[in-house]
Amino acid sequence: DDISHFYEIERLRREFIANVSHELKTPLTGIRGFIEPLLDGTVDDEETRYKYLTLIRDESLHLNGLIDELLNYSRFEAGKVEVNLVPLDIGNVIENIGFKMQLLADSKGINLELRVPEGIPFVYGAEDKIEEVLCNLLSNAIRYTPKKGVIIVSVKDEGEMLRISVSDSGLGIDEEDLPYIWERFYKADKSRTPSDGGTGLGLAIVKSIVNAHGGTVSVESKVGEGSTFSFTLRKVQDSI
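All values reported here derive from a predicted model rather than from experimental measurement.

Draft legend 1. Layout of the overall build of the protein. Broken down by element type, the protein carries 6 helices and 7 strands. Its helices and strands in sequence order give the protein the pattern α-α-β-α-β-β-α-β-β-α-α-β-β, from N to C terminus. Looking at the 240 residues of the protein, the share that counts as buried comes to 41%.

As structure tokens, then:
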């Protein structure tokens, strides 16, 4: 009911604040830990200095990514992001993102398959935003799929809409969590270490972007068998 839903969202909000606080504090603590030996002279050889500076750079990039994610979502929430919808070759977008994510999948021993039919219709979309959606869904799939697992990106024509799906053979999601999967404070697996989970904003951003395109999002999942995340985009008629 509405009351229990409210309390669940409030619980997720509190968890979200704790998660974000930890996610922001972790790279800052790392940066401070690497800077202090450089300042006090503990590190005095060039090879170690270079190693420490590289780690500082990596931690700062991680921190910047977290902040960008927070700002990105807040802009969508405030309605300050304009989505310029133009005819878009979604097959080409999927191929490009698949190419970019292949290295990450390979590093985890995961088989990434792109099942994109020839000559699929164009859709109305903003390329950078749809790329963000696909990157988010694929990153999650890779994160939660064990070695030797399979991830499949597929496209289905549904009349006025195209459905793009990202299916994985990963850990799956508890049925009780599914109603909250797209909430802005939801974190996919609360048992994971914070470094594995991110801020919990990724799927909320996906939903905001797809909604701005006039599409819908959905998820099907079974614990131990995997998940399928899908979103729809409006077709450009007669665009084959």
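Draft legend 2. Spotlight on helix 3 (residues 90–107). Over its 18 residues, helix 3 extends 26 Å from the first C-alpha to the last, a length consistent with the 26 Å expected when each residue adds 1.5 Å. Along its length, helix 3 shows its largest kink, about 40 degrees, at Met 101. Turning to helix 3, its buried residues number three or more, namely Ile 90, Gly 91, Val 93, Ile 94, Ile 97, Gly 98, Met 101 and Ala 105. N-capping of helix 3 is provided by Asp 89, with a side-chain oxygen placed 3.3 Å from the backbone N of Gly 91. Of the residues trailing helix 3, Gly 109 is marked for its positive phi of about 70 degrees.

Draft legend 3. Focus on the packing of aromatic side chains. For the structure shown, the criterion picks out 2 aromatic pairs. Centroid distance Trp 182 to Phe 229: 5.7 Å. Interplanar angle 85 degrees. Geometry classified as edge-to-face. With Trp 182 in the loop between strand 5 (161–168) and helix 5 (194–197) and Phe 229 in strand 7 (residues 226–234), this residue pair connects regions lying 47 residues apart in the sequence. Taken as a pair, Trp 182 and Phe 229 share a single burial class, namely buried.

Draft legend 4. How the structure looks around the nonpolar core. In terms of nonpolar packing, the biggest core is built from 40 residues, with Ile 90, Ile 164 and Phe 231 touching the most fellow members. Counting residues per element, the ones that place at least two in this core are helix 3, helix 4 (127–143), strand 4 (150–158), strand 5, helix 6 (202–212), strand 6 (217–222) and strand 7. Residue contributions to this core peak at 7 residues, all from helix 4.

Draft legend 5. Focus on the pattern of salt bridges. A full pass over the atoms with the stated rule returns 8 salt bridges. Of the charged contacts in the structure, one is a salt bridge between Lys 235 and Asp 157, with a shortest N-O distance of 2.9 Å. Remark: Asp 157 occurs in strand 4 and Lys 235 occurs in the segment after strand 7; sequence separation between them is 78 residues. Judged by relative accessible area, Asp 157 falls into the partly exposed class, the value being 44%.

Draft legend 6. Geometry of the pairing of strand 5. Summarising burial for strand 5: 8 of the 8 residues are buried, a large majority. The alternating pattern of strand 5 places Met 161, Arg 163, Ser 165 and Ser 167 on one face and Leu 162, Ile 164, Val 166 and Asp 168 on the opposite face, and all of these are buried. Here strand 4 pairs with strand 5 via 8 bridges, running antiparallel. Its bridge partner lying in strand 5, Val 155 is registered against Ile 164. Between strand 4 and strand 5, which pair antiparallel one after the other, the connecting turn spans 2 residues, and Gly 159 there sits at a positive phi close to 85 degrees. Two elements, strand 5 and strand 7, share 8 bridges in a ladder whose sense is antiparallel.

Draft legend 7. View of a nonpolar patch on the surface. Taken together, Ile 3, Phe 6 and Tyr 7 make up a surface patch of nonpolar side chains, about 380 Å² in accessible area. Among the secondary structure elements, Phe 6 is positioned in helix 1 (residues 2–39).

Conventions and cut-offs
Chains are numbered independently. Their residues run from 1 in the order of the written sequence. Totals for whole chains, interfaces and linings use all residues, but because this is a predicted model, local features are given only for residues with pLDDT of at least 70 and pairs of side-chain atoms are given and counted only at 80 or more. For the side-chain quantities, the full set of heavy atoms in the structure was used; hydrogens and water were omitted. For the purposes of this entry, the term helix denotes a DSSP run of H or I that reaches at least four residues, the term strand denotes a run of E that reaches at least two, and both are numbered from the N terminus. Three labels apply to residues, based on accessible area from a 1.4 Å probe with only protein chains included: buried if under 20% of the type maximum, exposed if over 50%, partly exposed otherwise in between. The span expected for a helix works out to 1.5 Å for each residue beyond the first. Bending is quantified residue by residue as the angle between axes fitted to the seven-residue window ending at that residue and the seven-residue window starting at it. Think of a polar contact as two N or O atoms within 3.5 Å of one another; within protein, one of them needs to be a possible hydrogen donor and the other a possible acceptor, and neighboring residues in sequence only count if both atoms come from side chains. Classification of ring pairs uses Phe, Tyr and Trp, with its six-membered ring standing for Trp, and accepts pairs whose centres are within 6.5 Å; under 30 degrees between planes counts as stacked, over 60 as edge-to-face, and the remaining range as tilted. Among buried residues, those of type Ala, Val, Leu, Ile, Met, Phe, Trp, Tyr and Cys that are joined through side-chain atoms within 4.5 Å constitute a nonpolar core. A pairing counts as a salt bridge when a side-chain nitrogen of Lys or Arg comes within 4 Å of a carboxyl oxygen of Asp or Glu. Any two strands with at least two DSSP-identified bridges between them are counted as paired. Candidate patch residues must exceed 30% relative accessible area and have no salt bridge, after which like charges are joined if within 9 Å and Val, Leu, Ile, Met, Phe, Trp or Tyr side chains if within 5 Å. Only the protein chains shown count as cover for residues, and the accessible areas themselves come from Shrake-Rupley with a 1.4 Å probe.

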